[in-house]
Amino acid sequence: MSACYRGQAYGAHVHPVATPLREDAPRDPHPNFYWLHEDELRATAAHAGFAFTIWRPQVLIGNARGAAMNPILPIAAYAAICRERGLLFALPGNNAAIWELVDTGLLAEGMAWAAINLAAHGQTFNITNGDAFVLRHVWDDLAARIGLDPKGTPPADFTSFFADEVNRQAWAVLAKRNGLIEPSLSAFLGQSHHYLDLLSSPRVAARPPVLLSTIKLRQAGFGACRDSFAALTEQLRQMVELKLLPSLF
């Protein structure tokens, strides 16, 4: 069994943290359901006799719509609406915050590995793609891949862009024309646009970056990795194939 927690387990959302964050750090004394879940998992595993692995990923990207914390959703919807309306694909936000992404395919590989490797049983592992990622630094390349112009004045943020009724109607029109499986922009985004604005906020950029050490996972035998820009563009391609997006490429 695998339990998946995020970097908030280290308290990075409430106070400054060490760099890098390591799995052997003492349990951070802030209220959260991670510890309750973990304690219940350990007690149940001891009673029932099954093995488990605890995962601490950073910023997950995948093609699950309606997610609360999947920044690729607002990026994808923003691209689709900009193309539909002939808008410039200028990036909201004005910082260069450093992220560590985790492709959901990589996390799935890790879980499959952990299920059959004794070195993972009862362990806690940080997991990331293996590189650092700055959205602003790849934005022009992303725009070139999907044939949009990244220059110009951007919206104030993603949340205000998606709140605009003109943009919401543009999504409804393109969704119907392209036979997308989710005609509701709100249902497609979930709360992910608020999360992306948080990740892109000056407040976050002003803090020291939150970086995870993945040495323990590598030493245990799992060395798979992803190029984060390639992972992002591949997830967009998969969303097109799944009829979550119109053709972007």
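Residues numbered from 1 in each chain as written. Predicted model: local features only at pLDDT ≥ 70, side-chain atom pairs only at ≥ 80, totals over all residues. Heavy atoms only, no water.

**Description of the pattern of salt bridges**
Here is step 1 of the chain: Summed over the entire model, instances satisfying the criterion amount to eight salt bridges.
Here is step 2 of the chain: Between Arg65 and Glu182 there is a salt bridge whose closest N-O contact spans 3.5 Å. Of the two residues, Arg65 sits in the loop between β3 (59–61) and α2 (72–85) while Glu182 sits in the loop between α6 (165–178) and α7 (185–189), which places them 117 residues apart along the sequence.
Here is step 3 of the chain: A relative accessible area of 39% places Arg65 in the partly exposed class.
Here is step 4 of the chain: Here Arg177 makes a salt bridge to Glu84, at a shortest N to O gap of 2.5 Å. (Salt bridge = Lys/Arg side-chain N within 4 Å of Asp/Glu carboxyl O. Helix = DSSP H or I, 4+ residues; strand = E, 2+ residues; numbered from the N terminus. Buried < 20%, exposed > 50% of the residue type's maximum accessible area, 1.4 Å probe, protein only.)

**Focus: the packing of helix α4 (residues 135–146) against helix α11 (residues 228–241)**
Here is step 1 of the chain: In contact at an axis separation of 12 Å, α4 and α11 are set at 35 degrees when each is read in the N-to-C sense. Considering how the two elements wind past one another, α4 and α11 form a crossing that is right-handed. Contacts between α4 and α11 involve Val138, Asp141, Leu142 and Arg145 from the first element and Phe229, Leu232, Thr233 and Leu236 from the second.
Here is step 2 of the chain: Of the residues that constitute the contact of α4 with α11, the class distribution is five nonpolar, one polar and two charged. (Axes fitted to C-alpha atoms, helices over the stretch in contact; angles between N-to-C directions. Left-handed = near helix turned anticlockwise from the far one by under 90°. Contact = heavy atoms within 4.5 Å. Nonpolar A, V, L, I, M, F, W, Y, C, P; charged D, E, K, R; others polar.)

**What to know about the side chain of Thr124**
Here is step 1 of the chain: Position of Thr124 among the secondary structure elements: in strand β5 (residues 123–127).
Here is step 2 of the chain: A residue is classified by how much of its surface remains accessible, and Thr124, at 9% relative accessible area, is buried.
Here is step 3 of the chain: Excluding residues within four positions of it along the chain, Thr124 makes contact with Glu23, Arg42, Ile54, Arg56 and Lys216.

**A few points about the pairing of β5**
Here is step 1 of the chain: Among the five residues of β5, four are classified as buried, and the element is accordingly described as predominantly covered.
Here is step 2 of the chain: Relative to β5, strand β2 (residues 53–57) runs parallel, the two sharing five bridges. If you follow Arg56 over to β5, its bridge partner there is Asn126. (Pairing = 2+ DSSP bridges.)

**Focus on the packing of α2 against α4**
In helix packing, the relevant descriptors are the interaxial angle and the interaxial distance, both defined with respect to the helix axes.
Here is step 1 of the chain: At their nearest, the axes of α2 and α4 sit 12 Å apart, and the two run at 45 degrees to each other. Between α2 and α4, the angle falls in the class oblique. The two elements α2 and α4 meet at a crossing, and its hand is right-handed. Between α2 and α4, the contacting residues are Ile75, Tyr78, Ala79 and Arg83 on the first element and Leu135, Trp139, Leu142 and Ile146 on the second. (Parallel < 35°, antiparallel > 145°, perpendicular 65-115°, else oblique.)

**Some words on the packing of aromatic side chains**
Here is step 1 of the chain: Taken as a whole and assessed by the stated rule, the structure comprises twelve aromatic pairs.
Here is step 2 of the chain: The interplanar angle of 55 degrees and the centroid separation of 4.8 Å between the aromatic rings of Phe33 and Tyr34 together place this pair among those described as tilted.
Here is step 3 of the chain: Aromatic ring contacts, followed pair by pair, group Tyr78, Phe89, Trp139, Phe158, Phe161 and Phe162 into a single cluster.
Here is step 4 of the chain: The residue whose ring lies beneath Arg56 is Tyr10, and the NZ or CZ to ring-centre distance is 4.8 Å.
Here is step 5 of the chain: Its end group placed over the ring of Phe125, Lys216 keeps NZ or CZ at 5.5 Å from the ring centre. (Phe/Tyr/Trp six-rings, centres within 6.5 Å; stacked < 30°, edge-to-face > 60°. Lys NZ or Arg CZ within 6 Å of the ring centre and 35° of its normal.)

**Some remarks on unusual backbone geometry**
Here is step 1 of the chain: Cis rather than trans, the peptide bond between Thr19 and Pro20 has omega equal to -10 degrees.
Here is step 2 of the chain: Inspection of the secondary structure assignment puts Pro20 in the loop between β1 (2–4) and α1 (33–48).
Here is step 3 of the chain: In this structure, Lys243 takes a positive phi of about 65 degrees despite not being glycine.
Here is step 4 of the chain: Tracing the sequence through the fold places Lys243 in the segment after α11.
Here is step 5 of the chain: Classification of Lys243 as partly exposed rests on a relative accessible area of 37%.

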